[in-house]
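# Residue-level structural notes
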Amino acid sequence: MSKDERALSRARELALTLSVLAGVSVLPYEGGGQAPLLPEGKGVEKVRNFCSLCHGLDVVAQQRLNRDGWRRVVDQMIEFGAPVQGEDRQEIIAYLVAFFGQEATESR
Amino acid sequence: MAHYPNEREGAASCVSRRSFLFQAGRLTAAATLLGLPLPFTERGFGAEPGPAPDAGYNKDRLKEKLIVRTASPLNQETPLELLNTWITPNDLHFVRNHYDVPQVDLQTWKLVVDGEVDRPLTLTIEDLKEFEAVTAVRTLECAGNGRSFFSPKATGTQWGAGAVGTARYVGVRLADVLTRAGIRSRGKHVMFNGADEPVLPSAPDFIRSIPLEKALHPDTFLVHTMNGEPLPALHGYPLRVIPAGWVGSACVKWLVNIRVLAQPYDGHFMVKSYRMPRSYAAPGAQVDPKDMVSLTSLEVKSLITAPVNDATVAPGRVIVRGAAWGGEADIAKVEVSTDFGRTWHSARLGMDEARYAWRLWEFGWEISEPGSYLLMSRATDVEGRTQPIEQIWNPSGYLWNVIPRVRINVKG
C-alpha cells in the first residue's frame, strides 16, 4: 500500500464512522441537480450518508423498484462493503420503497 | 474468484494524485463540515467536493453538451439530435464509468500481459507502438443503452437512447501482442483489468474477460488513439481494448493487465452483471443465474436522430434521419414507416461505411396533411435479423433495440 492509499483508506474509515455517528447529512453533493434529489422522510439521512460514500444520489433517485428489488440492491451494496446493519438496513429499504417504489411518479 | 495477490499493483502505481484528491475530497467534506480534524494534512484537501480546480482535470471530468445520467461516477449520454455525423466527435461521444476516472501517468504506466502464457510481457506505450499499427472506425454502445424504457424498470443507470457513438481508433491487434507472449494450450479466455478501482476496496474491481477466439480475432484491437487524439481520460487513456461489435462493457478502459485464463474470469462483473436470459423471460421474472449468459455482440438496431420527438414541422418534404448498426453484423437495410407501421419504405443508406460501424440513413417524406404522426425505423442486418416490434425484456435492461418511435406534429 502506498502513502496515498493509506491516507485514502484512513479518510474513508473516518468518513464512514462520522456518517454513522453523526446521523445528519454530511455530504452536500447529491449529483449536480439544484433541488434535493431525496425527499424528506424517515430514513433519508441514512440513505444520504451511507449511499453517497461511494456514489452520487442521482442513481438512487432514478430507480423505481418494488420491495424485493430494493432489498436486493441494498444487500448487494452491503456485500460490496457498505457498513449498513440491522435497523439501518430496514429503515433504508423502507425509505427507498416509500419514495422510489414502482408506483412513484417520474417527476422526482 | 481468481486469486492473484498482486492483481491491483499495476493499477495503483500509475494513477496520479489528481483522481486520488478528487475521491478523498468527496469524503473529507464530511469531516470538514463537522469541524473535525482530518487525519492527514495533504496540500489541496478542502471542503470542495467537486472536481479539482486545474483546467485539464475539469476538461476531462465532464462533457458540456451531453446529458449527465449520473455525476459520480460520471455517466453521460448524447442528445440524439447530435448523433448526426458518421464519426462522433470526442466531445460528443457518450461516457460510461463504473468508478472514478483514473488519471494515468504515462511515465509510470505499463501493460502487463501474463497468465497462461510462455513469456509474460511488460510493455510501455512505446513498446506497443512497435507492433503493426491498425486503424478502424468502430461503433461503441453501452449494453444498458435504453434501460429507462424497460417496463417493469430494471436496476441501473437509467439511460435514454444516446449511450452510443462512433469513432476512428488507432492501435494494434490484440492477437499480435498475445502471440508474442505465447498462449499456452490451457489458455481459453482473456481477462482485462483497467486502472479504475472501487471506492471501497471490498467492492468488486471492474474486470471482464472474453473467449480466446474473440481475443485472437484480427479485428479485436488495443487502441491508443481516438479521432486523432490520444484516448481522452474518459475513454480509457492510455489504452483500451475493443472486441469489435461487442457491448461497451467488453471494451475495458485504462488497461494495465491482460491475463490469459483457462476459464472465464469469475468476478462480479462477469457472473452477476452483463448477463441476460438464454431464452425469453416474462417481464418482471426472476431468472435463475444458471439460465443467464454473458453478453457478446450488440443487437441490430436503429435510431431516429431527426426530427426530434414532439417536433412540429411544416407540410412539405421532411427529411427523416438516423443511424443503424448491428454489432458484429453489417446493416443490410433500413426501412421507415410514417403511418403507424402500415407501410414501410426503404431509407437511403449513407456513403460512409465500415465493418462494426453504424450506417447513417435518411428518408425523404412528402407530407401534405397536417396531423400528429408517428415515425418509425426498422433496421435489418445481413444475417436477416431485424428489430422487434415489442422489446424483449430482461432483468437488467440490456440491449434495448425495439423499433424506435418519434411523434411529430405536422402543422400548416
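What counts, and at which threshold
Residues numbered from 1 in each chain as written. Chains lettered and ligands numbered in written order. Predicted model: local features only at pLDDT ≥ 70, side-chain atom pairs only at ≥ 80, totals over all residues. Heavy atoms only, no water. Helix = DSSP H or I, 4+ residues; strand = E, 2+ residues; numbered from the N terminus. Buried < 20%, exposed > 50% of the residue type's maximum accessible area, 1.4 Å probe, protein only. Contact = heavy atoms within 4.5 Å. Areas by Shrake-Rupley, 256 points an atom, 1.4 Å probe, with all protein chains shown as cover. Salt bridge = Lys/Arg side-chain N within 4 Å of Asp/Glu carboxyl O. Phe/Tyr/Trp six-rings, centres within 6.5 Å; stacked < 30°, edge-to-face > 60°. Lys NZ or Arg CZ within 6 Å of the ring centre and 35° of its normal. Pairing = 2+ DSSP bridges. 1 Å grid on protein atoms, 1.4 Å probe; cavity = no way out; pocket = protein on both sides within 12 Å on 5 of 7 lines; lining within 4 Å. Points joined across faces, edges and corners; volume = space filled by probe spheres on them. Nonpolar A, V, L, I, M, F, W, Y, C, P; charged D, E, K, R; others polar. Core = buried A, V, L, I, M, F, W, Y, C linked by side-chain atoms within 4.5 Å. Domains from an automatic or database assignment. Buried area = accessible area lost by both parts, 1.4 Å probe. Polar contact = N/O pair within 3.5 Å; in protein donor to acceptor, adjacent residues only side chain to side chain.

### Examining the overall build of chain B
In terms of helices and strands, chain B carries 7 helices and 24 strands. Scored against the burial criterion, the 412 residues of chain B give a buried share of 57%. The contacts of chain B with a sequence gap of at least 6 include a subset with a gap of at least 24, amounting to 72%. Carbon and sulfur atoms make up 53% of the accessible area of chain B, which totals about 17100 Å².

### Quick look at the overall build of chain A
When helices and strands are counted, chain A shows 5 helices and 0 strands. For chain A, the α and β elements follow one another from N to C terminus as α-α-α-α-α. A total of 108 residues make up chain A; the buried ones form 50% of that total. Of the contacts made within chain A by residues no fewer than 6 positions apart, 61% connect residues no fewer than 24 positions apart. A total of about 5500 Å² of accessible surface is found on chain A, and carbon and sulfur atoms cover 54% of it.

### A look at the pattern of salt bridges
All names here are of chain B. Under the criterion given, the structure shown has 27 salt bridges over all chains. Linking Arg 186 and Glu 116 is a salt bridge whose minimum nitrogen-to-oxygen distance equals 3.1 Å. With Arg 186 in the loop between α5 (174-181) and β8 (189-194) and Glu 116 in the loop between β4 (111-115) and β5 (121-123), this residue pair connects regions lying 70 residues apart in the sequence. The class for Arg 186 is exposed, based on a relative accessible area of 52%. The exposure class assigned to Glu 116 is buried, which follows from its relative accessible area of 14%.

### Some thoughts on the packing of aromatic side chains
Residue and element names in this part refer to chain B. Inspection of every chain in the model, using the stated rule, returns 8 aromatic pairs over all chains. Aromatic side chains Phe 206 and Phe 269 sit 5.0 Å apart centroid to centroid with 65 degrees between the ring planes, which places their arrangement in the edge-to-face category. Separated by 63 residues along the polypeptide, Phe 206 in the loop between β8 and β9 (207-211) and Phe 269 in helix α7 (residues 268-271) bring together distant segments of the chain. Assigned by exposure class, Phe 206 and Phe 269 land together as buried. The structure contains a cluster of three or more aromatic residues connected by ring pairs, namely Phe 206, Phe 269, Tyr 274 and Tyr 398. Over the ring of Tyr 356 we find Arg 355; its NZ or CZ atom is 4.4 Å from the centre of that ring. The ring of Trp 344 has Arg 378 sitting right over it, with the charged end atom 4.2 Å from the ring centre.

### Overview of the environment of Ile 403 of chain B
Residues and elements named next belong to chain B. Its place among the elements puts Ile 403 in the loop between β23 (371-381) and β24 (405-410). Overall, the relative accessible area of 5% leaves Ile 403 in the buried class. Setting aside residues up to four positions removed in sequence, Ile 403 forms contacts with Trp 344, Met 376, Ser 377, Arg 378, Gln 387, Pro 388 and Ile 389.

### Quick look at the sheet that holds strand β18 (residues 316-325) of chain B
All names here are of chain B. With respect to topology, 4 strands assemble into an open sheet ordered β16-β18-β22-β21, the strand pairing being antiparallel. On the outer flanks of this sheet lie β16 (301-306) and β21 (348-349), each paired with one strand and no other. Relative to strand β22 (residues 359-367), β18 runs antiparallel, the two being bridged by 9 bridges. When the bridges of β22 are listed, Gly 316 appears paired with Ile 367.

### Section: empty space enclosed by the protein
All names here are of chain B. Counted under the stated rule, the structure contains 4 cavities of 30 Å³ or more. Roughly 230 Å³ of volume is contained in the largest cavity. Every residue lining the largest cavity is counted, 20 residues in all, and those nearest its centre are Arg 96, Arg 240, Gly 248, Cys 251 and Lys 253. Taken together, the residues that form the lining of the largest cavity break down as 10 nonpolar, 6 polar and 4 charged.

### Observations concerning the pairing of β16 of chain B
All names here are of chain B. Of all the 6 residues making up β16, 5 are buried; the element is thus mostly covered by neighbouring parts of the structure. In this structure, β16 lies alongside β18, joined through 5 bridges in antiparallel fashion. Opposite Ile 304, over in β18, you have Gly 322 as the bridge partner.

### Comments concerning the nonpolar core
Residues and elements named next belong to chain B. The biggest cluster of nonpolar side chains holds 65 residues, and the ones touching the most others in it are Leu 111, Leu 128, Leu 222 and Ile 258. Built from parts of two domains, this core gets at least three residues from each of domain 1 (7-294) and domain 2 (301-410). Other than its neighbours up to four places away in sequence, Ile 258 contacts Leu 111, Val 112, Val 113, Asp 114, Leu 174, Leu 178, Val 190, Met 191, Phe 192 and Leu 222.

### Looking at the domain arrangement of chain B
Residues and elements named next belong to chain B. Segmenting chain B into domains produces domain 1 (7-294) and domain 2 (301-410). The partner domain 2 presents 26 residues to the 46 residues of domain 1 that form the contact. Here domain 1 and domain 2 share an interface that buries about 3100 Å² over both sides, 65% of which is from carbon and sulfur atoms. Contact with domain 2 buries surface across domain 1, with Trp 86, Phe 150 and Met 276 losing the most and accounting together for 24% of the total. For the pair domain 1 and domain 2, the number of links is 2 salt bridges. Between domain 1 and domain 2 we count 13 residue pairs in polar contact (both at pLDDT 80 or more) in total.

### With respect to the sheet that holds strand β3 (residues 95-96) of chain B
What holds strands together in a sheet is hydrogen bonding between their backbones, with the strands either parallel or antiparallel. Residues and elements named next belong to chain B. The strand order across the open sheet formed by 3 strands is β1-β2-β3, and the pairing between neighbours is antiparallel. Edge positions in the open sheet fall to β1 (67-71) and β3, since each of these has one partner strand only. Alignment of strand β2 (residues 74-77) against β3, held across 2 bridges, turns out to be antiparallel. If you follow Asn 75 over to β3, its bridge partner there is Arg 96.

### Remarks on the environment of Pro 204 of chain B
The topology assignment puts Pro 204 of chain B in the loop between β8 and β9. A relative accessible area of 13% places Pro 204 of chain B in the buried class. Residues Pro 204 of chain B and Asn 193 of chain B, spaced 11 residues apart in sequence, show a C-alpha to C-alpha distance of 12 Å. In this structure Pro 204 of chain B touches Phe 80 of chain A together with Tyr 99, Pro 198, His 268 and Phe 269 of chain B, once residues within four positions along its chain are discounted.

### Let's talk about the side chain of Thr 380 of chain B
Structurally, Thr 380 of chain B is set in strand β23. When residues no more than four places from it in sequence are discounted, the contact partners of Thr 380 of chain B are Val 300, Ile 331, Ala 332, Lys 333, Glu 335, Arg 385 and Thr 386 of chain B.

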